[in-house]
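Below are the chains, spelled out letter by letter.
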Amino acid sequence: MAAQPRFPKDAVAADAVAADAVPEVDAVAVPERKHPVDRTLPPLKMFTSGLQHVAAMYAGVVAPPMIVGPAVGLSAKETAFLMGASLFTAGIATLLQTLGFWKVGARLPFVNGVSFAGVTPMIAIGKDRGADGITVVFGAIIVASVLGFVLTPYFSKLVRFFPPVVTGTVITLIGVSLLPVAFNWSQGGNPTADSYGSMKNIGMAALTLVIVLALRKLLRGFLQQIAILLGLVAGTLLAIPLGMTSFDAIKNADPVGFPTPFHFGAPQFEIAAIVSMCIVMLVCMTESTADMLALGKIVERPADERIIEGGLRADTLGSAISPLFNGFMCSAFAQNIGLVAMTKVRSRFVVAAGGGILILLGLCPVAASVIALVPLPVLGGAGIVLFGSVAASGIQTLASAALEKGENALIVAASVGIGLIPIAAPDFYHAFPKDALVVLDSGISTGCIVAIVLNLAFNHLGKKDSSREEQQEATKVPAPAGAH
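Being a predicted model, the structure only gives us computed values, none of them experimental. (Residues numbered from 1 in each chain as written. Predicted model: local features only at pLDDT ≥ 70, side-chain atom pairs only at ≥ 80, totals over all residues. Heavy atoms only, no water.)

Enquirer: Help me out: how do you make sense of the nonpolar core in this one?
Expert: What tends to happen in soluble globular proteins is that the nonpolar side chains get buried as a cluster. In this structure, V68, I134, I174, I228, M277, F328 and M329 are the most contacted members of the largest nonpolar core, which totals 102 residues. With 13 residues, helix α11 (residues 271-298) is the single largest residue contributor to this core. For I228, the contacting residues outside a window of four places in its chain are Q52, V212, L339, M342, A382 and L386. (Core = buried A, V, L, I, M, F, W, Y, C linked by side-chain atoms within 4.5 Å. Buried < 20%, exposed > 50% of the residue type's maximum accessible area, 1.4 Å probe, protein only. Helix = DSSP H or I, 4+ residues; strand = E, 2+ residues; numbered from the N terminus. Contact = heavy atoms within 4.5 Å.)

Enquirer: Can you walk me through the packing of helix α9 (residues 227-239) against helix α16 (residues 376-398) in this structure?
Expert: Geometry of a packed helix pair, given as the angle between the helix axes and the separation of the axes. Here α9 crosses α16 at 155 degrees, and the two axes come no closer than 9 Å. Classified by the angle between their axes, α9 and α16 sit roughly antiparallel to one another. For the pair α9 and α16, the crossing hand works out as right-handed. Counted together, I228, G231, L232, G235 and T236 of α9 and V378, L379, A382 and L386 of α16 form the full contact between these two elements. A breakdown of the residues in the contact of α9 with α16 according to their chemical character gives 6 nonpolar, 3 polar and no charged. (Axes fitted to C-alpha atoms, helices over the stretch in contact; angles between N-to-C directions. Parallel < 35°, antiparallel > 145°, perpendicular 65-115°, else oblique. Left-handed = near helix turned anticlockwise from the far one by under 90°. Nonpolar A, V, L, I, M, F, W, Y, C, P; charged D, E, K, R; others polar.)

Enquirer: Just to check I follow, could you spell out unusual backbone geometry for this structure?
Expert: As a rule of thumb, non-glycine residues mostly have phi less than zero, and peptide bonds are mostly trans rather than cis. You will see that F262, though not glycine, has its phi angle at about 50 degrees, which is positive. Of note, F262 is situated in the loop between α10 (248-252) and α11. Classification of F262 as partly exposed rests on a relative accessible area of 38%. Although it is not a glycine, N326 adopts a positive phi angle of roughly 70 degrees. Secondary-structure assignment places N326 in the loop between α12 (305-321) and β2 (330-332). A relative accessible area of 0% places N326 in the buried class.

Enquirer: Would you explain the packing of aromatic side chains in this entry?
Expert: Aromatic ring pairs are reported here in terms of the distance separating the ring centres and the angle at which the planes meet. Per the stated rule, a full pass over the model turns up 5 aromatic pairs. Residues F81 and F264 carry aromatic rings whose centres are separated by 6.0 Å and whose planes lie at 80 degrees to one another, so their mutual orientation is edge-to-face. Remark: F264 occurs in the loop between α10 and α11 and F81 occurs in helix α3 (residues 76-98); sequence separation between them is 183 residues. Here F264 falls in the buried class, since its relative accessible area comes to 11%. (Phe/Tyr/Trp six-rings, centres within 6.5 Å; stacked < 30°, edge-to-face > 60°.)

Enquirer: Please explain the confidence of the model for the chain as it appears in this structure.
Expert: As a general rule, the predicted coordinates of low-pLDDT regions are not to be interpreted in detail. Looking at the chain as a whole, its pLDDT mean stands at 79, while 84% of the residues score no less than 70. Low pLDDT (under 50) marks residues 1-31, which in the prediction has 1 contact with non-local residues, meaning those over four places away or in another chain. Low confidence marks residues 465-484, where pLDDT is under 50. Its contacts with residues over four positions away, or in another chain, come to 0 contacts. (pLDDT = per-residue confidence, 0-100.)

Enquirer: Honestly, the environment of M342 in this entry has me stumped. Any pointers?
Expert: With respect to the helices and strands, the residue M342 is situated in helix α13 (residues 334-343). On the basis of relative accessible area, M342 is assigned to the buried category, the value being 9%. Sequence separation of M342 and I226 is 116 residues, and the distance between their C-alpha atoms is 9.6 Å.

As structure tokens, this is what we get:
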């Protein structure tokens, strides 16, 4: 009995020692416990890794203004101004997404840029109207973005309807849907050009692809992580003596150029245009949600409702600000998700550095034109690896989706099949209304919607009844064991 009082004293002493030790251990361990997403890299690595993200998404940012500008009747100089403005606003949106403030920003290595979903409706709104058409487009984007910002808290609650069977399907469709972009770049990018699809273009794309794969195999450490950037540099240098690289962009570029607010005039507001862009905003929010879920899986920081809400706020706020500086609607860039998956560099500050580079490119047309030196076939060769990596991540997610249970395999089959229609049969919906094509022409959107609806139908409706039965069965099973 006399020994008993000593145990509490020993315990108290042990606790006191532990309490004294904990702060020292924690003080040392805190930096090590920081998630890779929140870690910074040395300045040189930060810059080169950020530049790699810019190189991967540069063509995607400038392509929409290159298409929309001439279609609405803008001159070549005005179209170039739109391109610079798009780079500048993409940088702002990326900083909002990666660094964030208040409840804005997913704070993931998430790149934002001009959404392709809005190209067709923007052309329809502003066709042959010149600057007036652009101001109507800008007005519609502002209204749609503000409405999207207001709806964000409600839209983000849909995350519970994105289990692995849905996210895996959507991630796979993202990668597969982007591959035609890489194939188009590999052929030259301009279907009307005589050299489009030539052996020279495809050969350069194939060579770049081989170089990237070889660098990934042979290099180690940081150099392996920037294999895409090194492959783009090598491919561009090899393309110069072949006459595939044009220096005209550098010669004609101004050293400094700020995207003057409301350069084309004050925004105009038309109901039909606003409705059209609201539909585009919903499409962008759906795709961004899927992209955040995909990226969260890759960086091992699952995108919960709070992260998705912050990410959608950054998307919509960035899109609302963009027209003020003559830019278009911004959303997530899926190709950069592939870059994160491939390089394993998960720091959001790396992508923030890329956002800073985009802003500088938007302010310095000469610097922007240097990146424009990369021939599209070279970019296409690297794009095959990037976009294929996204699809591979989706397949990996599907592997954990319990496809053998219930109708999960059927959900994947129907969703992927319908999502591939715009890729396999581009004219499939040619008889449908133009407004419907905003959604139908996006395999990511249609596949995502089908996956969500089928998941609700097969895995949620009637779930309470089945859950009650399972619980009753679960309570019956342990009873005999307890009797024994």
